[in-house]
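Here's the letter readout for the chains.
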Amino acid sequence: MKKTLLSLAALTLLASGAQARTWDAIRQSGTIKIATEGAFPPFNVLKGKELTGFEVELANELAKQMGLKVQWVTQPFDNLLIGLQQDRYDFVIASHGITPQRAKAVDFTNPHYCTGGAIVAKPGGPKTAADLVGKTVAVQVGTTYLDNVRKVQGVKEVKTFPKDTDAQAALMAGRVDAWVGDKFTGLDLVKAQKGKVVAGELLFNERIGMAVKKGNASLLKELNAALAKSLSSGSYAKISGKYFNTDVRCKN
Ligand code: ARG
């Protein structure tokens, strides 16, 4: 937690550093460099050499509309916004909730989906925020799940894991009382574990956006235009349906 706060604060201070590639420079090069984590199913998943998931397919679709080839980069979640600051890629799509704190360090696109943070536990375990009193909770480090679980009064301990899948494994192994993570990820976990865990209450709602380097207004504008086009043309709905059987766009 401390480390995450510090790195975000440092990022904000650095926010006027080197020059990010403008839309013109990207268009001229013909290739856009996109970063994700690759360990956050069903949003971004690296399986062997293949990168898949809702966000990967969506970003590929947006790049196609922009007339660009894609070069993917994978990074641990906690490093993604720092690498953006260092101009190692053009944008990040990795299920970042649009928070005021992050928005000090990077610029967010319009949301590419809406979701929430949910509690999952073994049957008989905690289901609501009130149930988390005195309990141990697993979350991925650097996430809004961590921030929001810390706001719940009386939680005994929050255990952080570099990867969300490790936080899930801690729940399955009985090393924590609950996991807090994305509600769609939670649904998949419940399904995959066939009743060994159950979904509880939604702790908070969030809007998820893509991040560009602070001040990269030309790229931000192109990404928002491509997203709007995908939302209206049906290509977004198709990709969303494939992964969620529903349309996960923000409704308001
Ligand atoms: N939505 C959460 C957040 O904004 C979790 C994102 C985790 N993403 C990932 N690729 N592991 O912090």
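Computed from a prediction, not measured in an experiment: that's the story for all the values here.

Student: Is there a simple way to think about the side chain of Thr115 in this case?
Tutor: Relative to the helices and strands, Thr115 resides in strand E8 (residues 113-121). Using a relative accessible area of 3% as the deciding quantity, one classes Thr115 as buried. There is a polar contact of 2.8 Å between the side chain of Thr115 and the side chain of Asp182. Setting aside anything within four residues of it in sequence, one finds Thr115 in contact with Asp182, Lys183, Phe184, Asn205, Glu206 and Ile208.

Student: Before we go on, may I ask you to explain the site of the ligand in this structure?
Tutor: Near the ligand lie 15 residues; those nearest to it are Glu37, Ser95, Gly97, Arg102 and Glu206. Contact distances for the ligand include 2.6 Å between a nitrogen atom and a side-chain N or O atom of Glu37. In the model, a nitrogen atom of the ligand is placed 3.5 Å from a nitrogen or oxygen of the Asn44 side chain. Those elements giving two or more residues to the shell around the ligand turn out to be strand E6 (91-97), helix H6 (144-150) and strand E12 (198-213). Among the elements that make up the shell around the ligand, the one with the highest residue count is E6 (four residues). Of the residues belonging to the shell around the ligand, the class tally is five nonpolar, seven polar and three charged.

Student: Teacher, can you tell me more about the pattern of salt bridges here?
Tutor: Oppositely charged side chains may form a pair once their charged atoms are brought near each other. Applying the stated criterion to the full structure yields seven salt bridges. Here Arg21 makes a salt bridge to Asp90, at a shortest N to O gap of 2.7 Å. Taken together, the residues Arg21 in the loop between helix H1 (2-13) and helix H2 (23-29) and Asp90 in the loop between helix H4 (80-85) and E6 connect sequence positions 69 residues apart. Residues Asp107 and Lys214 are paired through a salt bridge, measuring 2.8 Å at the closest nitrogen-oxygen approach. In this pair, Asp107 is assigned in strand E7 (residues 106-108) and Lys214 in the loop between E12 and helix H9 (217-233), connecting sequence segments 107 residues apart. Accessibility expressed as a relative area gives 18% for Asp107, which makes it buried.

Student: Where do I start with the UniProt feature "domain: Solute-binding protein family 3/N-terminal" (unreviewed entry) in the protein in this structure?
Tutor: UniProt's entry tags residues 31-247 with the feature "domain: Solute-binding protein family 3/N-terminal" (unreviewed entry), counted in the numbering of this structure. Regarding residues 31-247, the helix share stands at 35% and the strand share at 33%, and the terminal C-alpha atoms are separated by 29 Å.

Student: I keep staring at the state of the cysteines and nothing clicks. Help me out?
Tutor: Formally, a disulfide is one covalent bond, and it connects the sulfur atom of one cysteine to the sulfur atom of another. Within this structure, the stated rule accounts for one disulfide. Across the disulfide, Cys114 is cross-linked to Cys250 (sulfur-sulfur distance 2.1 Å). Since a negative S-S torsion denotes a left-handed disulfide, the Cys114-Cys250 link at about 100° is right-handed. Of this pair, Cys114 sits in strand E8 while Cys250 sits in the segment after helix H10 (235-244); the two residues are 136 residues apart in sequence, bridging distant segments of the chain.

Calculation notes
- Chains are numbered independently. Their residues run from 1 in the order of the written sequence.
- Local features in a predicted model are, by the rule used here, given only for residues with pLDDT of at least 70; side-chain atom pairs are given and counted only at 80 or more, and totals for whole chains, interfaces and linings are based on all residues.
- As a rule here, side-chain values come from all non-hydrogen atoms in the structure, and water together with hydrogens is ignored.
- Only DSSP runs of H or I covering at least 4 residues are called helices, and only runs of E covering at least 2 are called strands; the numbering of each starts at the N terminus.
- Think of it in three bands: with a 1.4 Å probe and only protein chains considered, a residue is buried below 20% of the maximum accessible area for its type, exposed above 50%, and partly exposed in between.
- Polar contacts, as used here, are pairs of N or O atoms within 3.5 Å; protein pairs need one atom able to donate a hydrogen and one able to accept it. Residues neighboring in sequence count only if both atoms are side-chain atoms.
- In what follows, a contact means two residues having at least one pair of non-hydrogen atoms within 4.5 Å.
- Residue proximity to a molecule or strand is established when one non-hydrogen atom of the residue lies within 4 Å of it.
- Put simply, Ala, Val, Leu, Ile, Met, Phe, Trp, Tyr, Cys and Pro go in the nonpolar bin, Asp, Glu, Lys and Arg in the charged bin, and everything else, Gly too, in the polar bin.
- Note on definitions: salt bridges are taken to be side-chain nitrogens of Lys or Arg within 4 Å of carboxyl oxygens of Asp or Glu.
- UniProt positions are given in the numbering used here, feature names are shortened, and annotations may be inferred rather than shown by experiment.
- A pair of cysteine sulfur atoms is labelled a disulfide when the two atoms are within 2.5 Å.

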